[in-house]
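# Commentary on secondary and tertiary structure
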Amino acid sequence: MTAKPSHRARPQASPTIAVALGAGGARGMAHIAMLEALDEFGVKPVALSGASIGAIIGAAYAAGFEAKLLRTHALRVMRDRTDVMSRLLKARVGRFADLIFGGFANPVLLDAEIFLDVFWPDDMPDRFEDLAIPFEAVAADFHGRGEAVFASGPLASAVAGSMAMPGLIKPVEMNGRILVDGGAVNPLPYDLLFDRADIVIAVDVTHGVPRGRSGLTPFDAMFGAAQIMQGAITAQKLKARPPDILVRPPVQNFRVFDFFHAAQILRACEAAKEQLKRQLAEMIEARIR
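Residues numbered from 1 in each chain as written. Predicted model: local features only at pLDDT ≥ 70, side-chain atom pairs only at ≥ 80, totals over all residues. Heavy atoms only, no water.

What the protein contains, in helices and strands, is 10 helices and 8 strands. When each of the 289 residues of the protein is scored for burial, the buried share is 50%. Sequence-distant contacts, at least 24 apart, represent 78% of the contacts inside the protein between residues at least 6 apart. Surface summary for the protein: the accessible area is close to 14600 Å², and the carbon and sulfur share equals 56%. (Helix = DSSP H or I, 4+ residues; strand = E, 2+ residues; numbered from the N terminus. Buried < 20%, exposed > 50% of the residue type's maximum accessible area, 1.4 Å probe, protein only. Contact = heavy atoms within 4.5 Å. Areas by Shrake-Rupley, 256 points an atom, 1.4 Å probe, with all protein chains shown as cover.)

This is the structure we're talking about:
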């Protein structure tokens, strides 16, 4: 028996998706959970962008490492505090003697490229061109006073520049420019993706005010002020043109350096992870009708 021809329009191809991962220090561990949501939903981004911690995680995901593997890797690395501190000492470019003999150089300044070599998964590609997914890293051009976007060339140098937080990580010299933290100019670089995909997702981890915390350490004050600045930049961008889906995991009670709380950060993101899947399902369904 021959089936009757359907008079319904043929469904369109599934809309393409691009993802921007924002700056935010240890709070950015939440990016792994949001990428897990995409993997579990069965979609693969056609493009990614990232700033600072978002560039670190975004580059690893763009290299082809599934988010579940990134979770396992991050938890394994952060489980051994002694080993992590030993690794960080290897990435230190200053000496404590520099405070006296070196013109007040920072004795704890880290070399970001060594940091990446220590904390990225093994077998990361050397160049953007070798990534499985197109990826853009955002840094700040210190002397140019503006945004520097990298999508080709040496991967580690560009990501190192994107994460070069002043006062903690050594600026990176690349292509005749001095690069510092991308969060200073574009902490949530979803605007780079509008012409790359049908649906743009942005993951903002600087949003929210810590609850019930009195007093500030010097580091809290310095890097908290940076996050206030990043939040203000993002707020202006959202007024001009928001992404299709804005995700704000509930990580506001974690500090910039709470990397040893990676497991707690990831657990805090479970509800947001499920919410992202629901939002994505609703938006895809609406787009293909």
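As a further point, take the environment of alanine 156. Position of alanine 156 relative to the elements: it lies in helix α7 (residues 155–162). Along the chain, alanine 156 and arginine 127 lie 29 residues apart, while their C-alpha atoms are 7.7 Å from each other. Once residues lying within four places of it in the same chain are set aside, the contact partners of alanine 156 are Glu113, Leu116, Trp120 and Asp126.

As for its position among the elements, aspartate 181 is in the loop between β6 (177–180) and β7 (199–203). Buried and without a salt bridge, aspartate 181 has arginine 27 as its closest oppositely charged side chain, separated by 13 Å. A polar contact is formed between the side chain of aspartate 181 and the side chain of serine 52, at a distance of 3.2 Å. A polar contact is formed between the side chain of aspartate 181 and the backbone nitrogen of glycine 183, at a distance of 3.1 Å. Setting aside its immediate chain neighbours within four residues, aspartate 181 contacts Ser52, Ala140, Gly161, Ser162, Met163, Ala164, Met165, Pro166 and Gln230. (Lys, Arg positive; Asp, Glu negative; His and termini not counted. Salt bridge = Lys/Arg side-chain N within 4 Å of Asp/Glu carboxyl O. Polar contact = N/O pair within 3.5 Å; in protein donor to acceptor, adjacent residues only side chain to side chain.)

This part covers the packing of aromatic side chains. According to the stated counting rule, one finds 2 aromatic pairs in the structure shown. Judged by centre distance (6.0 Å) and plane angle (15°), the ring pair of phenylalanine 128 and phenylalanine 135 falls under stacked. Using a relative accessible area of 5% as the deciding quantity, one classes phenylalanine 128 as buried. Each ring, one from tyrosine 190 and one from phenylalanine 194, has its centre 5.7 Å from the other, and the planes form 85°; the classification is edge-to-face. The side chain of arginine 145 reaches across the aromatic face of phenylalanine 142, ending 4.9 Å from its centre. The aromatic ring of tyrosine 190 is capped on one face by lysine 237, whose charged end is 4.4 Å from the ring centroid. (Phe/Tyr/Trp six-rings, centres within 6.5 Å; stacked < 30°, edge-to-face > 60°. Lys NZ or Arg CZ within 6 Å of the ring centre and 35° of its normal.)

Bringing the packing of helix α1 (residues 30–41) against helix α10 (residues 270–288) into the picture now. Direction vectors running N to C along α1 and α10 enclose 45°, while the axes themselves pass 9 Å from each other. With respect to their mutual orientation, α1 and α10 come out oblique. Where α1 crosses over α10, the two elements pack in a sense that is right-handed. Where α1 abuts α10, its residues Ala33, Met34, Glu36, Ala37, Leu38, Glu40 and Phe41 lie against Ala272, Lys273, Glu274, Leu276, Lys277, Leu280, Ala281 and Ile284. Grouping the constituent residues of the contact of α1 with α10 by class yields 10 nonpolar, no polar and 5 charged. (Axes fitted to C-alpha atoms, helices over the stretch in contact; angles between N-to-C directions. Parallel < 35°, antiparallel > 145°, perpendicular 65-115°, else oblique. Left-handed = near helix turned anticlockwise from the far one by under 90°. Nonpolar A, V, L, I, M, F, W, Y, C, P; charged D, E, K, R; others polar.)

One non-glycine residue, aspartate 123, lies in the positive phi region at around 65°. Summarising the element assignment, aspartate 123 is placed in the loop between α6 (112–119) and β3 (135–141). On the basis of relative accessibility, which here comes to 74%, the residue aspartate 123 falls in the exposed class. The residue arginine 145 is not glycine, and still its phi comes out positive at about 55°. For arginine 145, the position within the fold is in the loop between β3 and β4 (146–150).

In this section: the pattern of salt bridges. Within the structure shown, the criterion is met by 14 salt bridges. Here lysine 273 makes a salt bridge to glutamate 36, at a shortest N to O gap of 3.2 Å. Taken together, the residues span a long stretch of sequence, with lysine 273 in helix α10 and glutamate 36 in helix α1 at a distance of 237 residues. When salt bridges with common partners are traced through the structure, they connect Glu36, Glu40, Arg71, Glu270, Lys273, Glu274 and Lys277 into a single cluster.

Turning to the nonpolar core, a few remarks are in order. Trp120, Phe135, Leu155, Val159 and Ile201 are the most contacted members of the largest nonpolar core, which has 77 residues in total. Here the element with the most residues in this core is helix α2 (residues 53–62); it accounts for 8 residues. In this structure, valine 159 is in contact with Ala55, Ile56, Ala59, Leu116, Trp120, Phe135 and Ala137, ignoring residues within four places of it in sequence. Counting residues in hydrophobic clusters, the runner-up holds 11 residues, among them Ala18, Tyr190, Ala202 and Leu238. (Core = buried A, V, L, I, M, F, W, Y, C linked by side-chain atoms within 4.5 Å.)

Here we come to the environment of glycine 25. Tracing the backbone through its elements, the reader meets glycine 25 in the loop between β1 (17–21) and α1. By relative accessible area, glycine 25 is classed as buried at 9%. C-alpha of glycine 25 to C-alpha of threonine 206: the two residues are 181 residues apart in sequence and 8.8 Å apart in space.

Most of β3 sits out of view: 7 of its 7 residues are buried. In this structure, strand β2 (residues 47–51) lies alongside β3, joined through 4 bridges in parallel fashion. In the sheet register, glycine 50 faces β3, and the bridge partner there is alanine 137. Bridging between β3 and β4 involves 5 bridges; their strand directions are antiparallel. Looking at the pairing, alanine 139 lines up with alanine 148 of β4. Between β3 and β4, which pair antiparallel in sequence order, lie 4 residues; one of them, arginine 145, sits at a positive phi of approximately 55°. Across 2 bridges, the pairing between β3 and β6 is antiparallel. Bridge pairing in β6 links aspartate 141 to leucine 179. (Pairing = 2+ DSSP bridges.)

Treat this as a map of the structure, not an account of what it does.
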